[in-house]
Amino acid sequence: MAISISLTVNGAPISASIDPNTLLVQFLRDQLRLTGTHVGCDTAQCGACTVHLNGRAIKSCNILAVQAEGATITTIEGLAKDGALHPMQAAFKHCHGLQCGFCTPGMVMSAVSLVERQPNLTGDDVRAQLDGNLCRCTGYHNIVKAVLEGAEGMKSAGTANANAPAAAPATA
Ligand code: FES
Ligand code: FES
């Protein structure tokens, strides 16, 4: 039996009728044709399917589309604004942070979410925090460079720290 869902994807309100066992990644790719979100493993291992749900990176093969009811989703197609690459996309391009590009949409979405929470990063931070995103091609060196450059670009553009955790309340 089909079920109705309503959510916002890349700024557009979407209502759809879906099979209840549809994964979010299937809904995005097959129903909305947002094929920039890739499927590498389908078992929450590789990160190729990473999107933002309410501003946080999640693996879209790991949740049902119905769990995104009412949520705001951003996919790689939603990052560029007015024809201009997002600073993280520009940094991946500038630093050659990709080869085949299969992992890249997920890598970029995870990196943006990371910088929004933690704008000041070291290379070790990037390696530790992006360990859920696997790349078969690059050896990661240029990816780490790209994320650090992208973080600087996001800070300059004022888009870093957007989803930082609230500061802990001061204690007496
Ligand atoms: Fe979702 Fe690999 S396809 S983590
Ligand atoms: Fe090929 Fe990462 S660039 S898998």
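What you see is a predicted model, and the numbers here were worked out from it, not measured in a lab. (Residues numbered from 1 in each chain as written. Chains lettered and ligands numbered in written order. Predicted model: local features only at pLDDT ≥ 70, side-chain atom pairs only at ≥ 80, totals over all residues. Heavy atoms only, no water.)

A. The overall build of the protein chain, seen in detail. On a plain count of helices and strands, the protein chain comes out with 5 helices and 5 strands. The order of helices and strands in the protein chain, counted from the N terminus, is β-β-α-β-β-β-α-α-α-α. Per-residue burial over the protein chain gives 42% buried out of 172 residues. For the protein chain, the share of sequence-separated contacts (at least 6 apart) that also reach a separation of at least 24 residues comes to 60%. (Helix = DSSP H or I, 4+ residues; strand = E, 2+ residues; numbered from the N terminus. Buried < 20%, exposed > 50% of the residue type's maximum accessible area, 1.4 Å probe, protein only. Contact = heavy atoms within 4.5 Å.)

B. Spotlight on the pairing of strand β2 (residues 12-18). With 7 bridges connecting them, strand β1 (residues 3-9) and β2 associate as antiparallel partners. Bridge pairing links Ile5 to Ala16 in β2. Linking β1 back to β2 in an antiparallel pair, the connection comprises 2 residues, with Asn10 at a positive phi of about 50 degrees. (Pairing = 2+ DSSP bridges.)

C. Focus on the sheet that holds strand β4 (residues 56-59). The 5 strands are arranged β2-β1-β5-β3-β4 in an open sheet whose pairing can be described as mixed. Edge positions in the open sheet fall to β2 and β4, since each of these has one partner strand only. The mean inter-strand angle of the sheet, taken between neighbouring strand axes irrespective of direction, is 40 degrees. Pairing of strand β3 (residues 50-53) with β4, which is carried by 4 bridges, proceeds in the antiparallel orientation. (Axes fitted to C-alpha atoms, helices over the stretch in contact; angles between N-to-C directions.)

D. Quick peek at the packing of helix α2 (residues 87-94) against helix α3 (residues 104-117). Their axes nearest at 9 Å, the elements α2 and α3 cross at an angle of 125 degrees. Relative to α3, the element α2 lies oblique. For the pair α2 and α3, the sense of crossing is right-handed. For the pair formed by α2 and α3, the contact residues are Met88, Gln89 and Phe92 on the first element and Thr104, Met107, Val108, Ala111, Val112 and Val115 on the second. Grouping the constituent residues of the contact of α2 with α3 by class yields 7 nonpolar, 2 polar and no charged. (Parallel < 35°, antiparallel > 145°, perpendicular 65-115°, else oblique. Left-handed = near helix turned anticlockwise from the far one by under 90°. Nonpolar A, V, L, I, M, F, W, Y, C, P; charged D, E, K, R; others polar.)

E. Spatial organisation of helix α1 (residues 24-31). Among all positions of α1, only Leu24, Val25, Phe27 and Leu28 are buried. Down the axis of α1, the buried side of the element spans an arc of 165 degrees, and every buried residue falls inside it. Residues of α1 that are buried sit in contact with β1, β2, β3, β4 and β5 (72-74). Two residues or fewer past α1, Arg33 is found with a positive phi of approximately 60 degrees. (Arc of directions from axis to C-beta.)

F. Molecular detail of unusual backbone geometry. Non-glycine residue Asp42 carries a positive phi angle of around 70 degrees. Note on placement: Asp42 falls in the loop between α1 and β3. Among the residues examined, Asp42 registers a relative accessible area of 42% and is labelled partly exposed. In this structure, Ala44 is a non-glycine residue whose phi angle is positive, near 65 degrees. Checked against the element boundaries, Ala44 lands in the loop between α1 and β3. For Ala44, a relative accessible area of 25% translates into the label partly exposed.

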